[in-house]
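Chain by chain, the residues:
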Amino acid sequence: MSIVTCDISVSMDGYSAGTDQSLEQPLGDIDETWLHAWMFDGADENQAEVDAIVDAGAFIMGRNMFGPDRGEWDLDWKGWWGDDPPYHGPVFVLAHRDREPVAMDGGTTFHFVTDGVHAALERARAAAGDRNVAVAGGASTVNQFLAAGLIDELRVHVTPVILGAGERLFEGVPRQRFEQVSVRGTSLVTHLVYRPVR
């Protein structure tokens, strides 16, 4: 049976982005390599985890992860990843305003969902078929899914930095218990995999 997974990179103090996110600084006032160098500079030793991030039939992300604008849609904006995003499947973007789907090269299509996490998950499950659904982030979106008890496998990639402020994982998430599935350290990151105890 398919499950809902989530991969998110965080600092040792639990932040997945710094403060003051913008078009020029997608992850805020930090050096983005602090959180994601393991995916690029250390790709060889982390290949299994990199591959697992995009191994899903459909994806869900928050609007901030799709783009920097907070007001009306900039219809010329098609995401941070260029013409061929890494998802290669349907991506459901949580939003407050409607927008027509945006089809990209490589099979990625961004769909915009305005009626919450449950509706986004329902649409993603229908699109994924018998494959997994992946919650891509950012922290606010992950926290909403955790608070609703909708994530079956949480993969936290902890990098050896302290940010001190920003977008924090687990903010506003009620008490929950998880079982540790695995832990693996490499030179740039520690991979932690958890499943909720239900």
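Whatever comes next refers back to the structure up there.
Thresholds, definitions, all that
Residues numbered from 1 in each chain as written. Predicted model: local features only at pLDDT ≥ 70, side-chain atom pairs only at ≥ 80, totals over all residues. Heavy atoms only, no water. Salt bridge = Lys/Arg side-chain N within 4 Å of Asp/Glu carboxyl O. Helix = DSSP H or I, 4+ residues; strand = E, 2+ residues; numbered from the N terminus. Buried < 20%, exposed > 50% of the residue type's maximum accessible area, 1.4 Å probe, protein only. Pairing = 2+ DSSP bridges.

Topic: the pattern of salt bridges
When the charged atoms of two side chains with opposite charge come close together, those side chains can pair. The final tally for this structure, using the stated rule, is 7 salt bridges. Among the salt bridges present, the one from Arg155 reaches Asp7, with a minimum N-O distance of 3.0 Å. Linking Arg155 in strand E8 (residues 153-158) with Asp7 in strand E1 (residues 4-10), this pair joins segments that are 148 residues apart in sequence. Across the pair, Asp7 and Arg155 agree in class, each one buried. A salt bridge links Arg195 to Glu153, with the shortest nitrogen-to-oxygen separation between them at 2.7 Å. One end of the pair, Arg195, is in strand E11 (residues 190-196); the other, Glu153, is in strand E8, and 42 residues separate them in sequence. For Arg195, a relative accessible area of 35% corresponds to the partly exposed category. Connected through salt bridges with shared partners, the residues Asp7, Glu153, Arg155 and Arg195 form a single ionic network.

Side note on the pairing of E1
In terms of residue burial, E1 counts as a mostly covered element, since 7 of its 7 residues are buried. Relative to strand E7 (residues 133-137), E1 runs parallel, the two being bridged by 3 bridges. Paired with Cys6 across the bridge in E7 is Val135. Note: E1 against E8, 6 bridges, orientation parallel. Note that in E8 the partner of Cys6 across the bridge is Leu154.

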